[in-house]
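# Survey of secondary and tertiary structure
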Amino acid sequence: MRILVTAGPTREALDPVRFISNRSSGKMGYAIAAQARRLGHDVELISGPVALPPPRGIRVVNIVTADDMLAAVKKMVRRCDVLIMAAAVADWRPKKPATRKLKKASGPPRITWEATPDILKAIAPLKKKSQVFCGFAAETHDLAREAKRKLREKNLDVIAANDVAQNDRGFESDNNALTVFFADGRTLNIPLSSKANCARKLVRALADFWAQKKK
Ligand code: C5P
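The text that follows walks through the structure, step by step, so that each part is easy to find. (Residues numbered from 1 in each chain as written. Predicted model: local features only at pLDDT ≥ 70, side-chain atom pairs only at ≥ 80, totals over all residues. Heavy atoms only, no water.)

When helices and strands are tallied, the chain shows five helices and twelve strands. Taken along the three principal axes of its C-alpha coordinates, the chain extends 60 × 35 × 35 Å. Within the chain, the proportion of its 215 residues that are buried is 47%. Once local pairs closer than 6 in sequence are excluded, the contacts in the chain between residues at least 24 apart make up 60%. The centroid of the 40 positive side-chain charges in the chain is displaced by 4 Å from the centroid of its 21 negative side-chain charges. (Helix = DSSP H or I, 4+ residues; strand = E, 2+ residues; numbered from the N terminus. Buried < 20%, exposed > 50% of the residue type's maximum accessible area, 1.4 Å probe, protein only. Contact = heavy atoms within 4.5 Å. Lys, Arg positive; Asp, Glu negative; His and termini not counted. Charge placed at Lys NZ, Arg CZ, Asp CG, Glu CD.)

The next thing to look at is the sheet that holds strand β9 (residues 132–139). With mixed pairing, eight strands are arranged side by side in an open sheet as β5-β4-β1-β6-β9-β10-β11-β12. For this open sheet the edge positions go to β5 (59–62) and β12 (187–194), each flanked by a neighbour on one side alone. Direction aside, neighbouring strands of the sheet carry axes that sit 20° apart on average. Note that strand β11 (residues 175–182) and β12 share six bridges and pair antiparallel. When the sheet's bridge partners are listed, Asn176 is paired in β12 with Ser193. (Pairing = 2+ DSSP bridges. Axes fitted to C-alpha atoms, helices over the stretch in contact; angles between N-to-C directions.)

Next up on the list: the site of the ligand. Taken together, 13 residues form the shell around the ligand, and within it Met85, Ala87, Pro117, Phe136 and Lys150 come nearest. In this structure, a nitrogen atom belonging to the ligand sits 2.9 Å away from a main-chain N or O atom of Pro117. Phe136 places a main-chain nitrogen or oxygen 2.8 Å from an oxygen atom of the ligand. Here the ligand, which alone exposes 450 Å², has 86% of that area covered by the protein. Its atoms largely coinciding with the cavity grid, the ligand occupies the largest pocket. Listing elements by their share of the shell around the ligand, those giving two or more residues are α3 (119–123) and β9. Class assignment of the residues belonging to the shell around the ligand gives a composition of seven nonpolar, two polar and four charged. (Near = heavy atom within 4 Å. Polar contact = N/O pair within 3.5 Å; in protein donor to acceptor, adjacent residues only side chain to side chain. Areas by Shrake-Rupley, 256 points an atom, 1.4 Å probe, with all protein chains shown as cover. 1 Å grid on protein atoms, 1.4 Å probe; cavity = no way out; pocket = protein on both sides within 12 Å on 5 of 7 lines; lining within 4 Å. Sits in = over half its atoms within 2 Å of the grid points. Nonpolar A, V, L, I, M, F, W, Y, C, P; charged D, E, K, R; others polar.)

The end-to-end C-alpha distance of helix α5 (residues 195–214) is 28 Å, a good match for the 28 Å that 20 residues give at a rise of 1.5 Å each. Taken residue by residue, α5 has Lys195, Asn197, Cys198, Ala199, Leu202, Val203, Ala205, Leu206, Ala207, Phe209 and Trp210 as its buried positions. (Expected span 1.5 Å × (residues − 1).)

This part is about the pattern of salt bridges. Going through the model one piece at a time under the given rule, you end up with 15 salt bridges. Each of Glu44, Arg59 and Arg79 takes part in a single network of salt bridges with overlapping partners. (Salt bridge = Lys/Arg side-chain N within 4 Å of Asp/Glu carboxyl O.)

Moving on, we get to the packing of aromatic side chains. In this structure the tally under the stated criterion is one aromatic pair. Sitting over the ring of Phe182, Arg186 keeps its end group 4.3 Å from the ring centre. (Phe/Tyr/Trp six-rings, centres within 6.5 Å; stacked < 30°, edge-to-face > 60°. Lys NZ or Arg CZ within 6 Å of the ring centre and 35° of its normal.)

Looking now at the environment of Arg186. Along the polypeptide, Arg186 turns up in the loop between β11 and β12. Through-space distance from the C-alpha of Arg186 to that of Thr10 is 31 Å; in sequence the pair is 176 residues apart. Residues within four places of Arg186 in sequence aside, it is in contact with Val180, Phe181 and Phe209.

This next bit is on the packing of helix α1 (residues 27–38) against α5. For the pair α1 and α5, interaxial distance at closest approach is 8 Å and the crossing angle is 55°. Comparing the axis directions of α1 and α5 gives the class oblique. Taken as a pair, α1 and α5 cross one another with a handedness that is right-handed. Counting all contacts with α1, which are made through Lys27, Met28, Ala31, Ile32, Gln35 and Ala36, the residues of α5 involved are Lys195, Ala196, Cys198, Ala199, Arg200, Leu202 and Val203. (Parallel < 35°, antiparallel > 145°, perpendicular 65-115°, else oblique. Left-handed = near helix turned anticlockwise from the far one by under 90°.)

Shown next as structure tokens:
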């Protein structure tokens, strides 16, 4: 199976020295890429800025902004069977980032924000019948309801939801717990364990789902 994974945060410049980003270490996405490779799949990884070594045997495309990630996904998505969007894309960016460093002495800047592109929504029309798109949902409350809404609104086949209100999992942690919702109504619980273990179970479930869809 050919798997395209996105991982890590994206960054949007406020000025040449400052940015807004998301709290993401990239560990979950990198674990997915590494485990998918170990399971014998062809893997490509699109990564935001992270402090992790590139996983072995995997082509990594490094990007910074949401626009960069959208362009890379658009270019690479055609040749994958399964897309796993584990990246934490920053939702807003300054409409006009300052071209010169904002001076502290001028006081807190007034920034006009705009939304970054929703990558999954933008690429939904490109999805081929045989492809499986899996998103992630990091939630602090109403996990199941929010995840199911995103599954529908982003036209996904699968969404992996994780509870980020608890500090023994998610974000910078090496552990995670996932509730995986499938568009056919099925749910899979992956209990608290290493991100490597969560990743392996998720990839196996996606491989099964893809094989079913192909029939
Ligand atoms: O809407 P929310 O950010 O919670 O949705 C999370 C899912 O959507 C993740 O799979 C994430 O990679 C993806 N996403 C996206 N484009 C954005 C924001 C999130 O594709 N601008």
